[in-house]
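Structure assessment
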There are 2 protein chains.
Amino acid sequence: MIKITIQEVSEKYNLTKDTLRYYEKEGLIGPITKNASGVRDYSEADLARIEFVKCMRSAGLSIGVLREYMRLYDEGDYTKDERIKLLEGERDALKEKIRLMQDAYKKLEFKIQNYQKGIW
Amino acid sequence: MIKITIQEVSEKYNLTKDTLRYYEKEGLIGPITKNASGVRDYSEADLARIEFVKCMRSAGLSIGVLREYMRLYDEGDYTKDERIKLLEGERDALKEKIRLMQDAYKKLEFKIQNYQKGIW
DNA sequence: TTACTACTTATAGTATACTCTAAGTCAAGT
DNA sequence: ACTTGACTTAGAGTATACTATAAGTAGTAA
């Protein structure tokens, strides 16, 4: 009866079962359908959303922002513009973060290459 | 008598005074010399280190890693190889993080450009 | 001298994102 | 029937990085 268990999802995306339940509780994914015994059965759509959430979390988007985005989505089509604005804001913040990290990367690389000349 | 106050450093680097004292307590900077009244007076070398720490923090290097690096530095020249290894490790981790963020950036950009086609 | 402001310390509190524990349920194998 | 193992929940605990509070000191201006 159960097709995709939390165990399988956990292994596929390298997220702990606790994290998957936590994301669900926080409204980032799901609610996941459960069988008669209350056991979760993930759909393909659930998996696609998990992949998206994982990707965004790895880029530093907060739980709060992702929850807000999903909340807007659930509110209906009329929130589309607001959702796009939210995504644009996150995209711009991400761009700046990437810039800072690339700057740090260059500094680290220089420091490693010229270590003897460094102060610390 | 005092040349560079915590107030000035705070404004120059856009770090709160609390954060500057916190970094010092955690061994990331200083110890900063204090005048007879116990008030901090930052040197140019202190500032350079603060700038480095700020840059590395903005890239996500942890307090723990930066403390460890400074601890090794204080231990002496013989820790040089270990320090370089530490920096190389952080550089590689940073590279991977930049990759993940660029991936998320592209996904976000695509989602924004093709919003109507998206699922959420 | 008094008032004000900026500094000091130690310690407590907050935000974020998990991560773990306890107690219990359920289905399958022996 | 019993044991095993994976699932469930609610809620507590942890790690990281600040951030705020309280109580006190020191220097300056009126």
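Note: the structure precedes this text.
So, a few notes on the structure that sits alongside this text. Nothing here was measured: the structure is a model prediction, and the numbers come from that model.

On to the pattern of salt bridges, then. Residue and element names in this part refer to chain B. If you walk through the whole model with that rule in mind, you get 18 salt bridges over all chains. With a shortest N-O distance of 2.8 Å, Glu75 and Arg71 are connected by a salt bridge. Taken together, the residues Glu75 and Arg71, both in helix 4 (residues 63-75) and 4 residues apart, mark about one turn of the helix. Assessed through its relative accessible area of 37%, Glu75 is described here as partly exposed. Residue Arg71 is classed as partly exposed on the basis of its relative accessible area, which comes to 40%. Ionic pairing is found between Arg99 and Glu96, a salt bridge with its closest N-O pair at 3.0 Å. Of the two residues, Arg99 and Glu96 are both situated in helix 5 (residues 80-113); the distance of 3 residues between them amounts to about one turn of the helix.

Contacts between the two partners involve 35 residues from chain B and, on the opposite side, 36 residues from chain A. Buried surface at the junction of chain B and chain A, summed over both partners, amounts to about 3700 Å²; 79% is from carbon and sulfur atoms. Summed over the three residues of chain B that lose the most area to chain A, namely Met101(B), Tyr115(B) and Trp120(B), the buried surface amounts to 22% of that side. Between the two partners, chain B and chain A, sit 2 salt bridges. When the shortest N-O distance is used, the salt bridge between Glu109(B) and Arg91(A) registers 3.0 Å. At the boundary of chain B with chain A, the tally comes to 6 residue pairs in polar contact (both at pLDDT 80 or more). Every element with two or more residues in the side of chain B that touches chain A is listed here: helix 3 (44-58), helix 4 and helix 5 of chain B. Looking at the side of chain B that touches chain A, the element that brings in the most residues is helix 5 of chain B, giving 22 residues. Partitioned by chemical class, the residues of the side of chain B that touches chain A number 20 nonpolar, 3 polar and 12 charged.

Moving on, we come to the relation of the copies chain B and chain A. Superposition record for chain B on chain A: RMSD 0.0 Å, screw rotation 180 degrees, translation along axis 0.0 Å. These values place the two chain copies in the arrangement generated by a two-fold rotation axis. Among all residues of chain B, the one whose C-alpha sits closest to the rotation axis is Ile98(B), at a distance of 3.1 Å. Comparing interface residues between copies, 100% of those in chain B also lie at the interface in chain A; the contact surface is shared.

Enumeration over the complete set of coordinates arrives at 2 aromatic pairs over all chains. Between Tyr22(A) and Tyr23(A) the ring centres are 6.0 Å apart and the planes differ by 45 degrees, which places this aromatic pair in the tilted class. Residue class for Tyr22(A) comes out partly exposed when judged on its relative accessible area of 37%. Looking at Lys111(A), its charged tip hangs above the ring of Phe52(B), at a distance of 4.6 Å from the centre.

All right, on to the protein's contact with DNA strand D then. Taken together, 16 residues surround DNA strand D, and among them Lys17(A), Arg21(A), Lys34(A), Ser37(B) and Arg57(B) come closest. When atoms of DNA strand D within 4 Å of the protein are split into backbone and base, the sugar-phosphate part holds 83%. Note that a phosphate oxygen of DNA strand D is positioned 2.8 Å from one of the side-chain N or O atoms of Arg57(B). Mapped onto the surface near DNA strand D, the elements with two or more residues apiece are helix 1 (6-13) and helix 2 (17-25) of chain A together with helix 2 (17-25) of chain B. It is helix 2 of chain B that provides the largest number of residues to the surface near DNA strand D, a total of 4 residues. For the surface near DNA strand D, the residue count by class is 5 nonpolar, 5 polar and 6 charged.

Rules and cut-offs
- Residues numbered from 1 in each chain as written.
- Chains lettered and ligands numbered in written order.
- Predicted model: local features only at pLDDT ≥ 70, side-chain atom pairs only at ≥ 80, totals over all residues.
- Heavy atoms only, no water.
- Salt bridge = Lys/Arg side-chain N within 4 Å of Asp/Glu carboxyl O.
- Helix = DSSP H or I, 4+ residues; strand = E, 2+ residues; numbered from the N terminus.
- Buried < 20%, exposed > 50% of the residue type's maximum accessible area, 1.4 Å probe, protein only.
- Contact = heavy atoms within 4.5 Å.
- Buried area = accessible area lost by both parts, 1.4 Å probe.
- Polar contact = N/O pair within 3.5 Å; in protein donor to acceptor, adjacent residues only side chain to side chain.
- Nonpolar A, V, L, I, M, F, W, Y, C, P; charged D, E, K, R; others polar.
- Least-squares fit on C-alpha atoms with pLDDT ≥ 70 in both.
- Phe/Tyr/Trp six-rings, centres within 6.5 Å; stacked < 30°, edge-to-face > 60°.
- Lys NZ or Arg CZ within 6 Å of the ring centre and 35° of its normal.
- Near = heavy atom within 4 Å.

Worth remembering: the numbers are spatial, not functional.
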